[in-house]
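# Structural features, examined
The chain contents come next:
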Amino acid sequence: MDTGAISLVTSIIKIKASGIATHGRSPSFQAISLEELGKRLKASGDLRSMVEYVASRDEYSMDSVFLSAPTAIKILRDMGAEKNA
């Protein structure tokens, strides 16, 4: 697997886990556990999807990387809701 793509996706996941909005129209999310987010993305297959997306394109945004994975945004929302519960 492309180590550059893996590194980039890891950085994007860290930013998303921190809760920072990554685009003007993108909502910010509550800060969540980076380790748990990584585990869930790996278990769902979304981590692989994001790495493959980055490796196969010349241009992408942080949001497009997350949107390339079928359930990544849902996982972020679910984890935020769990933290609020």
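Structure report, in brief.

The rules we used
- Residues numbered from 1 in each chain as written.
- Predicted model: local features only at pLDDT ≥ 70, side-chain atom pairs only at ≥ 80, totals over all residues.
- Heavy atoms only, no water.
- Core = buried A, V, L, I, M, F, W, Y, C linked by side-chain atoms within 4.5 Å.
- Buried < 20%, exposed > 50% of the residue type's maximum accessible area, 1.4 Å probe, protein only.
- Helix = DSSP H or I, 4+ residues; strand = E, 2+ residues; numbered from the N terminus.
- Axes fitted to C-alpha atoms, helices over the stretch in contact; angles between N-to-C directions.
- Parallel < 35°, antiparallel > 145°, perpendicular 65-115°, else oblique.
- Left-handed = near helix turned anticlockwise from the far one by under 90°.
- Contact = heavy atoms within 4.5 Å.
- Nonpolar A, V, L, I, M, F, W, Y, C, P; charged D, E, K, R; others polar.

Within the largest apolar cluster, 20 residues are counted, with the highest numbers of intra-cluster contacts made by Val9, Ile13, Leu37, Leu41, Met50, Val65 and Phe66. Elements that contribute at least two residues to this core include exactly helix H1 (3-18), helix H2 (34-44), helix H3 (46-55), helix H4 (62-67) and helix H5 (72-84).

This next bit is on the packing of H1 against H3. Contact geometry for H1 and H3: axes closest at 9 Å, N-to-C directions at 120 degrees. When the axis of H1 is compared with that of H3, the two are oblique. Between H1 and H3 lies a crossing whose hand is right-handed. Contacts between H1 and H3 involve Ala5, Ile6, Leu8, Val9 and Ile13 on the former and, on the latter, Leu47, Met50, Val51, Val54 and Ala55. Of the residues that constitute the contact of H1 with H3, the class distribution is ten nonpolar, no polar and no charged.

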